[in-house]
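In case you want the letters, here they are:
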Amino acid sequence: MLRPLALVLLALALPAGAATIDAVVRDARGRGVAEAVVYAVPEGRELPPARKTAVMDQRNREFIPHVLVVQSGTAVNFPNSDDVRHQVYSFSPAKTFQLPLYKGTPANAIVFDKAGVATLGCNIHDRMTAYIVVVDTPHFGTSGRDGKVTLPNLAGGKYAVRVWYPEMKTEPSPIAVTVTGNERTEVSFVAR
Amino acid sequence: MHRSFMALFVAMLALPATAQEVWQVSGFALMRAASAPVSGPLGRDPSENEPLDSETLEAQVQVGIDWLPSPMYGAHLHLLGRSDNADTRRGTFGIAEAYFDANFVPNGDRLRLRGGAFFLPTSRENVDALWEPAYTLTPSALNSWLGEELRPIGVDAAYFRGRAVVGATLFRGNDTFGAVPVARGWQLSDHWITLGEWVAVDATDFTSVSAETDGRLGWSARGAWNGEDLLVQLTHIDNRSDGRKYGDLFNWNTRFDIAAVEYSRGDWTVAGEYGWGPTFLVLDDGRKFGNELAASYLMVSRWWRHGRATFRADWFDVDDDHRRALTAAFLWTPPGKIRPAIEVTTAGGEQRVLLEVRYSFSGG
């Protein structure tokens, strides 16, 4: 008796449109591109900035993850999990900042409030580099080695699907997609 | 301690908060006790040519002062004071590094121009701020030498693209680079030479990084690739010295290559460097007297939440004189600013135990 009721309630709780975009990013030879960020920006709808937090860790003198994608408005913490000090900076137009030499976790997170790519580095360790990709949408994902990204739970409507990946020279043209209902839509990009 | 140094240090600490965002002061003070005697086979007699060399008790203060008005440019001053100055001239207090950085963003990549006096960024051990070894108290013979006898004074350009870095340096000074391993012998110590300091290499001669006696520029080039867990790096150094004697300074013409690999995964780090190359000086009768230098190490380190244990094997040669050393170290890193540590080294039939207490201020 309770189980059918629970199923009905669950069905009612699902968003009216829960479409999915399946994206794949390949290089010119057809191989999957890892660490590619794919994001779907809704057209004709302004989304409020996120009030979320994210973490860019530092371990073994590497940033973890190497590519972090966040919605604009997200506050990013930069804990130092190493036993050596770091001095993190970005001089990218998307977010210019510098953290003083530190261990542990800085008291204040950095808010990334403008779309774009912030390239991170450390003044002490030349080997350290990472990217924070700031997008104006909550619909984003990062590819694995197979180059595939799934963007679930999209409300029905028009989207511009875009891509970014490390060392991108020219951004592939955005792909316009209209989704309805619970359908799945496939898109592909070629990284050049 | 030098009065002007203390006055500068106190003044920096007294800066208002807004100024401290642009001016950052960090560093450490340490006290160290060694089992090796002041004199004798482990003493600081240059003629002894022993790899383990330290005072029984010593103290150091190192301070980094950073001026960072913008991520695009800034300056760094590295001051050093120490009690261990037995065989040096002007070695008690000095400037280890002083440089200005400017960053550019060509095509989304990063170009960093650095001018002044600085450590070459080659070491896989000296990876903490102020070029401090992160795994042991004293670095390998290779990096002990580079800390004691190489400090480029000039211009360095480093270009960063994705996971690759290439760099090139033009420098003056460092004309005597090579004297330490040949004339005095390899050592395992953390005596970073300061600008203007002269370090004895034998009974009569000294080495200096800042004295420019032959008017010839040296150069260096390097390349590195950083994978997810793996780093590989190759460096070439050529001081282009004339190999001649100028008073108490005997120039050595040294060309040296360093290949480095580092692999880190989880709490483990494995790193190694191998350096090799020829060096020569010119005798009074015009003949060249040359040697082949080689030094390498392999290190395994594990990090816990409040400690790090490291084991390192060292090999170092001058021509047919082969030496090796084994080092084990444990750095205890409880929360707070105090770090006790112990290091045990054996080399050439000698043993040394170092006990250290370090207090870090600012910057963790």
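Residues numbered from 1 in each chain as written. Chains lettered and ligands numbered in written order. Predicted model: local features only at pLDDT ≥ 70, side-chain atom pairs only at ≥ 80, totals over all residues. Heavy atoms only, no water.

Colleague: When you look at the overall build of chain A in this model, what are you seeing that I'm missing?
Modeller: What chain A contains, in helices and strands, is one helix and 17 strands. Considering only C-alpha atoms, chain A reaches an extent of 60 × 45 × 30 Å along its principal axes. Among the 192 residues that make up chain A, the fraction classed as buried is 52%. Sequence separation of at least 24 residues holds for 62% of the intrachain contacts in chain A that already meet a minimum separation of 6. (Helix = DSSP H or I, 4+ residues; strand = E, 2+ residues; numbered from the N terminus. Buried < 20%, exposed > 50% of the residue type's maximum accessible area, 1.4 Å probe, protein only. Contact = heavy atoms within 4.5 Å.)

Colleague: Teacher, can you tell me more about the packing of aromatic side chains here?
Modeller: All names here are of chain B. Summed over the entire model, instances satisfying the criterion amount to 18 aromatic pairs over all chains. For the ring pair Trp67 and Tyr73, a centre distance of 5.9 Å and an interplane angle of 55° mean the geometry is tilted. Given the relative accessible area of 37%, Tyr73 is considered partly exposed. Seen in terms of ring centroids, Trp198 and Phe206 are 6.0 Å apart; in terms of plane orientation they differ by 50°. Their pairing is tilted. As far as burial versus exposure is concerned, Trp198 and Phe206 are alike and both buried. Members of the aromatic cluster, joined through ring pairs, are Trp145, Phe177, Trp186, Phe256 and Phe316. Across from the ring centre of Phe206, 4.0 Å away, lies the NZ or CZ of Arg89, which sits over that ring. Between the NZ or CZ atom of Arg110 and the centre of the ring of Phe160, over which it lies, the distance is 4.6 Å. (Phe/Tyr/Trp six-rings, centres within 6.5 Å; stacked < 30°, edge-to-face > 60°. Lys NZ or Arg CZ within 6 Å of the ring centre and 35° of its normal.)

Colleague: Is there a simple way to explain unusual backbone geometry in this structure?
Modeller: Residues apart from glycine generally show negative phi values, whereas peptide bonds are mostly found in trans. Going from A:Ile64 to A:Pro65, the amide bond is cis rather than trans, its omega being 5°. With respect to the secondary-structure elements, A:Pro65 resides in the loop between β5 (62-64) and β6 (67-71). Notably, A:Glu167 is not glycine yet its phi reads approximately 65°, a positive angle. Positive phi is not limited to glycine here, since B:Asn174 has a value of about 55°.

Colleague: Looking at this structure, how should I read the sheet that holds strand β3 (residues 53-55) of chain A?
Modeller: Within a sheet, each strand pairs with its neighbour through backbone hydrogen bonds, oriented either parallel or antiparallel. Residue and element names in this part refer to chain A. A sheet is described by the order of its strands in space; here three strands give the open sequence β3-β7-β10, paired in mixed fashion. The open sheet is flanked by β3 and β10 (110-112), the only strands paired with a single partner. Strand after strand, the sheet turns through a mean of 35° between neighbouring axes, direction not considered. Sheet topology note: the β3/strand β7 (residues 74-77) ladder contains three bridges and is parallel. The residue bridging Val55 from the neighbouring strand is Asn77, located in β7. (Pairing = 2+ DSSP bridges. Axes fitted to C-alpha atoms, helices over the stretch in contact; angles between N-to-C directions.)

Colleague: How do you make sense of the interface of chain A and chain B when you look at a structure like this?
Modeller: Where interface size is given, it is often the accessible area lost as the parts come together that is meant. At the interface, 30 residues of chain A touch 40 residues of chain B. For the pair chain A and chain B, the summed buried surface comes to about 3000 Å²; carbon and sulfur atoms form 44% of the total. The largest share of the area that chain A buries against chain B comes from A:Arg85, A:Phe91 and A:Arg127, three residues that together contribute 24% of it. For the pair chain A and chain B, the interface holds six salt bridges. A:Arg127 is paired through a salt bridge with B:Glu262; the nearest N and O atoms lie 3.0 Å apart. (Buried area = accessible area lost by both parts, 1.4 Å probe. Salt bridge = Lys/Arg side-chain N within 4 Å of Asp/Glu carboxyl O.)

Colleague: In this structure, what is going on with the nonpolar core? I would like to understand it.
Modeller: Where a protein is soluble and globular, its nonpolar side chains tend to be buried together. Residue and element names in this part refer to chain B. The biggest cluster of nonpolar side chains holds 30 residues, and the ones touching the most others in it are Leu142, Trp145, Leu146, Trp186, Ile237, Leu293 and Phe316. Of all the elements in the fold, those that place two or more residues in this core are α3 (141-149), α4 (179-184), β15 (253-265), β17 (288-304) and β18 (307-318). Residues within four places of Leu293 in sequence aside, it is in contact with Trp145, Pro181, Val182, Trp186, Thr254, Phe256, Gly275, Trp276, Gly277, Thr279, Asp317 and Val318. (Core = buried A, V, L, I, M, F, W, Y, C linked by side-chain atoms within 4.5 Å.)

Colleague: Sorry, what's going on with the sheet that holds strand β16 (residues 175-179) of chain A here?
Modeller: All names here are of chain A. Taken in spatial order, the four strands make up an open sheet running β13-β2-β15-β16, and their pairing is antiparallel. The open sheet has two free edges, formed respectively by β13 (140-142) and β16, since each of these has just one partner strand. Across the sheet, the mean angle separating the axes of adjacent strands is 25° when strand polarity is ignored. Bridging between strand β15 (residues 157-164) and β16 involves five bridges; their strand directions are antiparallel. Bridge pairing in β16 places Lys158 opposite Thr178.

Colleague: Honestly, the pattern of salt bridges in this entry has me stumped. Any pointers?
Modeller: Pairing of side chains with opposite charge becomes possible as their charged atoms draw close. All names here are of chain B. Enumeration over the complete set of coordinates arrives at 30 salt bridges over all chains. The residue Asp248 makes a salt bridge to Arg89 at a minimum N-O spacing of 3.1 Å. Highlighted residues: Asp248 in the loop between β13 (245-246) and β14 (249-250) and Arg89 in strand β4 (residues 88-89), separated in sequence by 159 residues. For Arg89, a relative accessible area of 33% puts it in the partly exposed group. One salt bridge connects Glu132 with Arg358, and the closest N-O pair in it is separated by 2.8 Å.

Colleague: Explanation requested: the side chain of B:Asn143 in the structure shown.
Modeller: Residue and element names in this part refer to chain B. Locating Asn143 in the fold gives a position in helix α3. Here Glu125 takes part through its side chain, which lies 2.7 Å from a polar atom of the side chain of Asn143. Polar side-chain contacts of Asn143 include one of 3.0 Å to the side chain of Glu273. Ignoring sequence-local partners within four residues, the contact set of Asn143 consists of Ser123, Glu125, Asn126, Trp131, Trp192, Glu273 and Tyr297. (Polar contact = N/O pair within 3.5 Å; in protein donor to acceptor, adjacent residues only side chain to side chain.)

Colleague: How should I be thinking about the environment of B:Val127 in this particular structure?
Modeller: The residue B:Val127 is located in the loop between β6 (110-117) and α3 in this model. For the pair B:Val127 and B:Arg114, spaced 13 residues apart in the sequence, the C-alpha separation amounts to 18 Å. When sequence neighbours within four positions are dropped, the list of residues in contact with B:Val127 reads A:Arg61, A:Val84, A:Ile124, A:His125, B:Glu132, B:Ala134 and B:Tyr135.

Colleague: I tried to follow the domain arrangement of chain A on my own but got confused; where do I start?
Modeller: Residue and element names in this part refer to chain A. Its domain assignment divides chain A into domain 1 (15-47 + 141-192) and domain 2 (48-136). One C-alpha centre belongs to domain 1, the other to domain 2, and the line joining them spans 24 Å. Taken residue by residue, the interface counts nine residues in domain 1 and eleven residues in domain 2. When the two sides are added together, the surface that domain 1 and domain 2 hide from each other amounts to roughly 880 Å², 74% of it contributed by carbon and sulfur. (Domains from an automatic or database assignment.)

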